[in-house]
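Structural features, examined
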Amino acid sequence: MSLALLRRMLWLLATLAAASALIFGLLDLLPGNAAQVLLGPDAAPEAVEALSRQLGLDQSALQRYLQWIGGLLQGELGESASYGGAPVWPLMLERLAVTLPLSFFAFMLALAVALPAAVFAASRQGRTGDLLVMGISQLGIALPSFWLGILLTLLFSVQLQWLPAGGFPGWRGEGGWTAALQALLLPALALALVQGAILARVSRSALVELLRDDFVRNARAQGMSRRALLWGPVLRNALLPVLTIAGLQFANLLAGAIVVENVFTLPGLGRLIFQAIANRDLALVRNAVMFLVAAVLVINFIVDLLYLWIDPRLRGGGRL
């Protein structure tokens with residue numbers, strides 16, 4: 001197990017290194033001069049040249065990449081040119097106070113919808129209830145989260161006027177936590193319904209497959225009810241494939257929040273990245289995108305570790 005863990009950690013570090021090179025390379029190939037974009041088309045050439053030197057654009061790509069990696073290793077993410085030289089990390093941290101709760105809220109809503117729906121469908125395999133759940137989940141997968149967010153806004157904000165259509169009052173603003181959670185409810189639903197549909201289909205398939213196993217027939221012969229089986233040993237054994245999808249979904253929620261935050265004008269990390277791209281704020285874009293990539297990889301690594309906890313048989317196989 002120790003060797004497998006070390007191998008997985010080395011693979012994580014190698015993937016992070018490759019991702020950093022790809023992110024830097026793609027941003028470095030963007031057309032246009034970042035200093036010119038920041039100062040505007042009417043800026044004097046001397047001002048553009050001075051800002052280019054300040055941003056390090058006069059150095060080679062390799063020098064700038066190594067400086068960036070060195071800063072990451074030391075916890076120095078640089079300064080944002082579009083935010084008046086403000087340090088990048090405090091800017092990201094401020095926006096994560098919206099994005100992380102939004103993603104976690106959406107994740108919990110997806111689980112709350114998907115697992116009961118999957119158990120319900122599996123208990124009625126081939127019947128009307130199963131077909132209904134599978135049809136709704138297929139529709140949920142086909143709907144883009146941003147379009148679903150617009151529909152939810154039209155219904156609950158414009159027509160019913162139950163929830164705010166956008167914006168975020170802050171966790172300590174007027175209304176406190178209640179107002180903040182109300183502002184996050186619609187975007188969380190827009191993200192959760194799509195991810196919950198995927199999770200429901202995967203969970204239902206895992207449950208149906210397990211219901212055919214010998215241990216289910218033996219438990220039924222001993223008098224255990226189908227309901228107790230489904231919510232007990234069958235669901236517990238189905239957690240392994242479900243855990244993989246759930247871990248990936250949480251990572252996808254972080255990345256998917258970019259579009260949804262712009263639909264609901266939430267001051268999260270996604271909206272920060274969108275604005276930074278528009279302003280060619282390379283330092284901010286690099287570090288914010290690198291943070292999202294690292295979050296996805298670390299979450300996958302944690303899922304691998306949870307495999308060992310859920311299924312002890314993997315511990316002796318020299319693999320994660």
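It should be noted that the structure appears before, not after, this text.
Because the structure is a prediction, the values reported are computed rather than measured. Residue numbers run consecutively from 1 along every chain, following the written order of its sequence. Local features in a predicted model are, by the rule used here, given only for residues with pLDDT of at least 70; side-chain atom pairs are given and counted only at 80 or more, and totals for whole chains, interfaces and linings are based on all residues. For the side-chain quantities, the full set of heavy atoms in the structure was used; hydrogens and water were omitted.

1. Some thoughts on the overall build of the protein
Keep this limit in mind: Secondary structure counts use DSSP, requiring at least four H or I residues in a row for a helix and at least two E residues in a row for a strand, with both numbered from the N terminus. Accessible area is worked out with a 1.4 Å probe on protein chains only. A residue is then buried under 20% of its type maximum, exposed over 50%, and partly exposed in between. The accessible surface values rely on the Shrake-Rupley method and a 1.4 Å probe; as for residues, cover is taken only from the protein chains in view.
For the protein, the count of helices and strands is twelve helices and two strands. The order of helices and strands in the protein, counted from the N terminus, is α-α-α-α-β-β-α-α-α-α-α-α-α-α. By the burial criterion, 41% of the 320 residues in the protein qualify as buried. As displayed, the protein offers around 17100 Å² of accessible surface, 65% of which is attributable to carbon and sulfur atoms.

2. Overview of a nonpolar patch on the surface
Selection rule: Nonpolar side chains (Val, Leu, Ile, Met, Phe, Trp, Tyr) within 5 Å and like charges within 9 Å form the patches, drawn only from residues with over 30% relative accessible area and no salt bridge. Each reported salt bridge corresponds to a side-chain nitrogen of Lys or Arg within 4 Å of a carboxyl oxygen of Asp or Glu.
A grouping of Phe146, Trp147, Ile150, Leu151, Leu154, Val158, Val259 and Val263 is seen on the molecular surface, where their side chains present a nonpolar patch of about 650 Å² in accessible area. With six residues, helix H7 (residues 145-159) is the single largest residue contributor to the nonpolar patch. Looking at where Leu151 falls in the secondary structure, it is placed in helix H7. You can call Leu151 partly exposed: its relative accessible area is 34%.

3. What about helix H6 (residues 128-142)?
Spacing of three or four residues puts side chains on the same side of an α-helix, whose turn is 3.6 residues. Put simply, the test is: Helix span is expected to be 1.5 Å times the residue number reduced by one. We call two residues in contact whenever any of their non-hydrogen atoms come within 4.5 Å of each other.
Taking 1.5 Å as the rise per residue, H6 with 15 residues should run 21 Å; its terminal C-alpha atoms sit 21 Å apart, in good agreement. Close packing links the buried residues of H6 with helix H5 (88-123) and helix H8 (176-210).

4. What about the layout of surface pockets?
For clarity, the threshold we go by: Buried and open spaces are told apart on a 1 Å grid over the protein atoms alone, a cavity being a set of points where a 1.4 Å probe fits but cannot get out and a pocket being an open set with protein on both sides within 12 Å along at least five of seven lines. Residues with an atom within 4 Å of a point are the lining residues. Grid points are joined across faces, edges and corners, and a volume is the space filled by probe spheres set on the points. For this classification, Asp, Glu, Lys and Arg are treated as charged, while Ala, Val, Leu, Ile, Met, Phe, Trp, Tyr, Cys and Pro are nonpolar and the rest, including Gly, are polar.
Taken as a whole, the second largest pocket spans an internal volume of roughly 310 Å³. Of all the secondary structure elements, the ones that give two or more residues to the lining of the second largest pocket are helix H1 (2-28), helix H4 (61-74), H5 and helix H12 (282-310). Broken down by class, the residue content of the lining of the second largest pocket amounts to twelve nonpolar, two polar and no charged.

5. Observations concerning the side chain of Thr153
Mapped onto the elements of the fold, Thr153 is located in helix H7. Taking relative accessible area as the criterion, Thr153 reaches 12% and is therefore assigned buried. Leaving out residues up to four positions away in the same chain, Thr153 has contacts with Val158, Ala165, Leu186 and Phe264.

6. Things to note about the nonpolar core
Inside soluble globular proteins, nonpolar side chains tend to come together where they are buried. As a reminder, the rule being used: By nonpolar core we mean a set of buried residues, namely Ala, Val, Leu, Ile, Met, Phe, Trp, Tyr and Cys, connected to one another through side-chain atoms within 4.5 Å.
Residues Met92, Leu102, Phe168, Leu184, Leu266 and Leu269 are the most contacted members of the largest nonpolar core, which totals 55 residues. Those elements that provide at least two residues to this core are H1, H4, H5, H7, H8, helix H10 (226-263), helix H11 (269-278) and H12. Among the elements that make up this core, the one with the highest residue count is H12 (eleven residues). Setting aside residues no more than four positions away along its own chain, Phe168 makes contact with Val98, Ala180, Ala183, Leu184, Leu266 and Pro267. Ala206, Val208, Leu211 and Val216 belong to the second-largest nonpolar core, a separate cluster that totals 15 residues.

7. Observations regarding the packing of H6 against H8
In plain terms, the rule: Throughout, an axis means a line fitted to C-alpha atoms (over the contacting stretch in the case of helices), and angles, computed between N-to-C directions, take values from 0 to 180 degrees. Each angle receives one of four descriptions, namely roughly parallel if under 35 degrees, roughly antiparallel if over 145, roughly perpendicular if within 65 to 115, and oblique otherwise. Here is the rule for handedness: rotate from the far helix to the near one, and if that takes an anticlockwise turn smaller than a right angle the crossing is left-handed, while a clockwise turn gives right-handed.
Contact geometry for H6 and H8: axes closest at 8 Å, N-to-C directions at 140°. For the element pair H6 / H8, the angle class is oblique. For the element pair H6 and H8, the recorded crossing hand is left-handed. The residues of H8 that touch H6, namely those facing Asp130, Met134, Ser137, Gln138, Gly140 and Ile141, are Val194, Ala197, Ile198, Ala200, Arg201 and Arg204.

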